[in-house]
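Listed below are the residues making up each chain.
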Amino acid sequence: MAQMTMIQAITDAMRIELARDPNVLLFGEDVGKNGGVFRATDGLQKEFGEHRVFDTPLAESGIGGLAVGLGLTGFRPIAEVQFIGFVFETFDQIASQATRMRYRSGGRYTSPITFRAPFGGGVKTPECHADPLEGLLTQTPGLKVVVPSNPYDAKGLLISAIRDNDPVFFLEHMKLYRSFRGEVPEGEYTVPIGKANVVKEGAHLTIITYGAMVHTSLKAAELAKKERGVDVEVIDLRTIQPIDTETILASVRKTNRAIVVQEAQRSAGVAAEVIAQINEKAILHLEAPVLRVTAPDTPYAFAQIEDKWLPTPERIVKTINEVLDF
Amino acid sequence: MPVQTKGPNNQKQHQTGYIYTNVDETFQPLQVLSTDGKVIDEANMPALSDDQLRELMRRMVFTRIWDQRAIALNRQGRLGFYAPVAGQEASMIGSEFALNKEDFILPGYRDIPQLVWHGMPLYQAFLYSRGHQHGGQLPQDVNVLMPQIIIGAQIVEAAGVALGYKLRNEKRVAITYTGDGGSSQGDFYEGLNFAGAYQAPAIFVVQNNRFAISVPLEKQTKAETIAQKAVAAGIPGVQVDGMDVLAVYKAVKDAADRGRNGEGATLIECLTYRFGPHTLAGDDPTRYRTKEQESEWEQKDPLTRFRKYLESKKLWSEEDETQVIEEAKQAVAEAIKQADETPAMTVSGLIDSMFETLPESLKEQKAWFEGV
């Protein structure tokens, strides 16, 4: 098995799918000759030609519309939004067009599109680059939303997303792109969309999280173990729409305590949804309310205080203690 | 034909020498028939057989009657959302008539006639109006999208469909429609620019019917024409008398030919007028239009003009007209009956149409809805 960074795994997934299916197209701003601003598409235009991998004019709504139109003609577009903060410029094409195609046409047309965007904090990007906007995406009916936390999952989930006949938004956390390597099998394999992963087993409390917060939560779990001898279970959702409720419930029934950690602002997000589902289906298994660790309800913090604004292992441990001491 | 191109000959320089203020001051809309039905531009007379000319008239009369019936049915509560089309028949029907069956139409909310004449069954148009999902479940060989409600969204999608045909080396074009208001949208510029940059076979038709609900063209844009907005995208721009079905046909046919020949996209501005309100949902045109303006445009009625032309060639008679009117009334009655007989939509059916495979959460929601 090869050791890859997450970005290498992402490139590998796209290479495999471009080679496997001539209907797969890859486009966006700077994805061609330049190989993407993060090099996620590096070498793919050279390998597959300008008809398969191409640069677009600088206009995000155009990119979304192009994806919808190409989907109508039988292609399977991978459309890159250069940074998540630019998604508003194409949100109509995602929320009102691509995701509604099957519904509006009674199944006559579909949008087999994979939207990709770098997102996520802790890397000191300028404004409107890192914003955790996944809550907006998860509240969009008809859209699947995937957030891998490691190279293995990234490759397998991206291949699943490209093969999916419905639109999938694939969020790539910028901090995870090159921060570590992981084992990634050669060739094709898939990780199913909609299945969570128990990344660390534990007995006393469950942390439900996704993306870069998986790693922050694992650090918090270590701290809690060291400080209080608590054995924390950590679940990586991997897909935040739809959410794998079964895996969450099985864990909560075992540990009877849970917290949800998300990078995004507090209100009405993925954490709120997870808590609602636990309330609906496992309330009698709980020894304490399910709490959440999130960023505050402000615009994404400027670089200087970004690291304080985002959830830290210490804040997670504090919340673990609140739940344990309830 | 008046295809606008960029270049020094078409540009007028301001006296200071570096400020361009005009795109082409000699620019004239394409017009084949005068308002009294005489051929005034023989060179641009499209090559249509007598049968095709009669068919154009048949479709325009049919559509006028269907529009009148649809308005009446809406007032009786038997239809839902409906945007009247009278006045725009030449622009709608002339443009669709210039297409091939395999060409793809991405309509705006008013563009139901193009869909129907491209193959959408009339009863499904009525189901669409009633908010029934089957209204969009069209036969496989009918290459159209549902009417677009978001103004301009279809324009960027049309660039995508057109690029798809180009990548597949298919001799097909994508045509999309919007109004004068739609030409103010960012998506309008993005769509034209994308199609221009990719030399994709798209045809962008702006039906300039003078009003975006109540806002007149003069408040919509400072540009002299909408056609000239093509210059910014590097594609040909054409302005057509949109009350002249032969001129519209000619402009769209030429644009489609250029698209099929690999010459890329075209913007076509049709100068037209909607005789009725914006939609039947409470719009009152007397608040923003004058009687003088209405009667001025009624003089240009596309049906009257083309009827005069056909009558002068002995291709149309009162009997023909009466026959089409009856045919239209009967077709509408049958379509409404078929729409009435179509089983109602269900919430379960709606949930089932969200994804290829239903996720657990939606299965649960479906079961819950079915249980109450």
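Residues numbered from 1 in each chain as written. Chains lettered and ligands numbered in written order. Predicted model: local features only at pLDDT ≥ 70, side-chain atom pairs only at ≥ 80, totals over all residues. Heavy atoms only, no water.

1. Points about the side chain of Gln207 of chain B
All names here are of chain B. To keep things clear, this is the line we draw: Only DSSP runs of H or I with at least four residues qualify as helices, and only runs of E with at least two residues qualify as strands; both kinds are numbered from the N terminus onward. Using a 1.4 Å probe on the protein chains alone, a residue whose accessible area is under 20% of its type maximum counts as buried, one over 50% counts as exposed, and one in between counts as partly exposed. Here a polar contact means two N or O atoms within 3.5 Å. Within protein one must be a hydrogen donor candidate and the other an acceptor candidate, and residues neighboring in sequence count only if both atoms are side-chain atoms. Residues count as neighbours in contact if any of their non-hydrogen atoms are within 4.5 Å of one another.
Tracing the backbone through its elements, the reader meets Gln207 in strand β5 (residues 202–208). With relative accessibility at 3%, the residue Gln207 sits in the buried group. A distance of 3.2 Å separates a polar atom in the side chain of Gln207 from a polar atom in the side chain of Gln88. In this structure the side chain of Gln207 is engaged in a polar contact, spanning 2.7 Å, whose partner is the side chain of Ser91. In this structure Gln207 touches Gln88, Ser91, Met92, Asp111, Gln114, Tyr177, Thr178, Gly179, Asp180, Cys270 and Thr272, once residues within four positions along its chain are discounted.

2. Quick look at the pairing of strand β7 (residues 168–173) of chain A
All names here are of chain A. Operational definition: Pairs of strands are assigned from DSSP output, requiring at least two bridges between the strands.
Along β7, 6 of the 6 residues are buried, which leaves the element largely enclosed by surrounding structure. Where burial is concerned, the two faces of β7 agree: the one with Val168, Phe170 and Glu172 and the one with Phe169, Leu171 and His173 are both buried. As judged from the 6 bridges shared by strand β5 (residues 114–119) and β7, these two strands associate in the parallel manner. Looking at β7, one finds that Ala117 is bridged to Leu171. Bridge count for strand β6 (residues 144–146) against β7 is 3 bridges, and the pairing is parallel. By the bridge assignment, Val146 is partnered in β7 with Phe170.

3. Considering helix α6 (residues 186–198) of chain B
What counts here: In this analysis, the expected span of each helix is defined as 1.5 Å times one less than the number of residues it contains.
When the terminal C-alpha atoms of α6 of chain B are compared, their 18 Å separation across 13 residues agrees well with the 18 Å that a helix rising 1.5 Å per residue should span. Of the residues flanking the end of α6 of chain B, it is Gln199 of chain B, one or two places downstream, whose phi is positive at about 45°.

4. Considering the packing of aromatic side chains
The cut-off we apply is this: What counts as a ring pair is set by centres within 6.5 Å for rings of Phe, Tyr and Trp (its six-membered ring), and what kind of pair is set by the plane angle: stacked under 30 degrees, edge-to-face over 60, tilted for all other angles. We call a charge positioned above a ring when the Lys NZ or Arg CZ atom is no farther than 6 Å from the ring centre and deviates by at most 35 degrees from the ring normal.
For the coordinates displayed, the defined rule picks out 18 aromatic pairs over all chains. Here the aromatic rings of Phe83 of chain A and Phe86 of chain A are separated by 5.7 Å at their centres, their planes lie at 70°, and the arrangement is edge-to-face. The class of Phe83 of chain A is buried, set by a relative accessible area of 10%. Summarising the aromatic geometry, the rings of Phe188 of chain B and Tyr189 of chain B are spaced 5.4 Å apart at their centres and angled 90° between planes, so their arrangement reads as edge-to-face. Grouped by ring-pair contacts, the aromatic residues Phe27 and Phe54 of chain A together with Phe194 and Tyr198 of chain B constitute a single cluster. The ring centre of Phe75 of chain A lies 3.9 Å from the NZ or CZ of Arg168 of chain B, which sits over that ring. Looking at Lys300 of chain B, its charged tip hangs above the ring of Trp297 of chain B, at a distance of 4.1 Å from the centre.

5. Thoughts on the sheet that holds strand β3 (residues 53–55) of chain A
Residues and elements named next belong to chain A. Heads up, the rule is: Structural elements are reduced to axes, namely lines fitted to C-alpha atoms, with helices fitted over the stretch in contact, and the angle between N-to-C directions of any two is expressed from 0 to 180 degrees.
Spatial strand order, β3-β2-β4-β5-β7-β6-β12: 7 strands in an open sheet with mixed pairing. Since the sheet does not close on itself, it has two edges, and those belong to β3 and β12 (239–241), each with one partner. Averaged over all pairs of adjacent strands, the angle between strand axes in this sheet comes to 20°, irrespective of strand direction.

6. Quick look at the pattern of salt bridges
Filter applied, for reference: For this document, the term salt bridge refers to a Lys or Arg side-chain nitrogen within 4 Å of an Asp or Glu carboxyl oxygen.
Within the structure shown, the criterion is met by 40 salt bridges over all chains. Across the pair Glu322 of chain A and Lys318 of chain A runs a salt bridge, and its minimum N-O distance is 3.6 Å. In this pair, Glu322 of chain A and Lys318 of chain A are both assigned in helix α12 (residues 313–324), 4 residues apart and thus about one turn of the helix distant. Taking relative accessible area as the criterion, Glu322 of chain A reaches 42% and is therefore assigned partly exposed. As a salt-bridge pair, Asp340 of chain B and Arg78 of chain B come within 3.2 Å of each other at their nearest N and O atoms. Of this pair, Asp340 of chain B sits in helix α12 (residues 318–341) while Arg78 of chain B sits in the loop between α1 (50–75) and α2 (89–97), and the two are 262 residues apart along the sequence. Overall, the relative accessible area of 34% leaves Arg78 of chain B in the partly exposed class. Ionic contacts of the salt-bridge type, sharing partners, join the residues Glu55, Arg58, Arg59, Glu96 and Glu327 of chain B into one network.

7. Here's the deal with the domain arrangement of chain B
Heads up, the condition is: In this entry, domain limits derive from an automatic or database-based domain assignment.
With domains assigned, chain B is organised as domain 1 (25–341) and domain 2 (347–372). Distance from the C-alpha centre of domain 1 of chain B to the C-alpha centre of domain 2 of chain B: 38 Å.

8. Re the confidence of the model for chain B
Our working definition: A residue's pLDDT is the confidence the predictor assigns to it, expressed on a 0 to 100 scale.
This prediction gives chain B a mean pLDDT of 93; 94% of its residues lie at or above 70. Our summary of model confidence lists the complex with pTM equal to 0.95 and ipTM equal to 0.95.

9. What about the sheet that holds strand β9 (residues 266–271) of chain B?
All names here are of chain B. The sheet built from 5 strands is open, its strands ordered β3-β4-β5-β9-β8 with parallel pairing. Only two strands of the sheet have a single partner each, and these edge strands are β3 (104–106) and β8 (237–241). Across the sheet, the axes of successive neighbouring strands diverge by a mean angle of 20°, strand direction being ignored. Bridge count between strand β4 (residues 174–179) and β5: 6 bridges; the pairing is parallel. Across the sheet, the residue bridging to Tyr177 is Val205, located in β5.

10. Concerning the side chain of Thr319 of chain A
Residue and element names in this part refer to chain A. Within the element layout of this structure, Thr319 appears in helix α12. Judged by its relative accessible area of 9%, Thr319 is buried. Each residue touching Thr319, except ones within four places of it in the same chain, is listed here: Ile259, Leu291 and Val293.

11. A word on empty space enclosed by the protein
Residues and elements named next belong to chain B. Note the threshold: Residues are said to line a cavity or pocket when one of their atoms sits within 4 Å of a point; the points come from a 1 Å grid over protein atoms alone, cavities being sets where a 1.4 Å probe fits but cannot get out and pockets being open sets with protein on both sides within 12 Å along at least five of seven lines. Grid points are joined across faces, edges and corners, and a volume is the space filled by probe spheres set on the points. Under the grouping applied here, Gly and all other residues not named as nonpolar or charged are polar, the nonpolar ones being Ala, Val, Leu, Ile, Met, Phe, Trp, Tyr, Cys and Pro and the charged ones Asp, Glu, Lys and Arg.
Under the definition given, this model contains 5 cavities of 30 Å³ or more. By volume, the largest cavity amounts to about 90 Å³. Every residue along the wall of the largest cavity is listed here: Trp66, Leu79, Phe81, Tyr82, Ala83, Tyr109, Ile112, Ala125, Phe126, Tyr128 and Ser129. Of all the elements, helix α4 (residues 122–129) adds the most residues to the lining of the largest cavity, at 4 residues. Across the lining of the largest cavity, the residue classes break down as 10 nonpolar, 1 polar and no charged.

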